[in-house]
Amino acid sequence: MKTIQSPDGVALLIENLWLRHKAGMKQRSCNVFMVELPPPTEEELAVARRKTQENAHTDDEPKELYGAWI
């Protein structure tokens, strides 16, 4: 298992996986990655909470969400 401890490391991993995919190289099924990122700051948490509250939709109609399945 490989451990990644920074956002830049995650970006490099994704880029590497994408380039291998584009080149047609098979990925090993045993590749396991653990990502250890630093905890978010209070400012980042406040922004996330504000966005969550702004995007809350309590009045969504089920038919709009699921179409004719209901």
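Quick caveat: nothing in here was measured; it's all calculated off a predicted structure.

**Student:** I'm lost on the overall build of the protein in this one. Help?
**Tutor:** In terms of regular secondary structure, the protein is built from three helices and two strands. Seen in sequence order, the protein has helices and strands lined up from the N terminus as β-α-β-α-α. Here the protein holds 70 residues, and the buried ones make up 4% of them.

**Student:** Where do I start with the environment of Val-35 in this structure?
**Tutor:** Along the chain, Val-35 turns up in strand E2 (residues 33-35). Once the C-alpha coordinates of Val-35 and Ile-4 are considered, the two residues, 31 residues apart in sequence, prove to be 4.8 Å apart. The residues touching Val-35, leaving out its near neighbours within four places in the chain, are Ile-4 and Val-10.

**Student:** Before we go on, may I ask you to explain the pattern of salt bridges in this structure?
**Tutor:** Where side chains of opposite charge bring their charged atoms close, a pairing between them can arise. Inspection of every chain in the model, using the stated rule, returns one salt bridge. Close ionic contact of Arg-50 with Glu-54 constitutes a salt bridge, the shortest N to O distance being 3.2 Å. Residue Arg-50 and its partner Glu-54 are located together in helix H2 (residues 42-54), separated by four residues, close to a single helical turn. The exposure class assigned to Glu-54 is exposed, which follows from its relative accessible area of 52%.

How each quantity is defined
Residues numbered from 1 in each chain as written. Predicted model: local features only at pLDDT ≥ 70, side-chain atom pairs only at ≥ 80, totals over all residues. Heavy atoms only, no water. Helix = DSSP H or I, 4+ residues; strand = E, 2+ residues; numbered from the N terminus. Buried < 20%, exposed > 50% of the residue type's maximum accessible area, 1.4 Å probe, protein only. Contact = heavy atoms within 4.5 Å. Salt bridge = Lys/Arg side-chain N within 4 Å of Asp/Glu carboxyl O.

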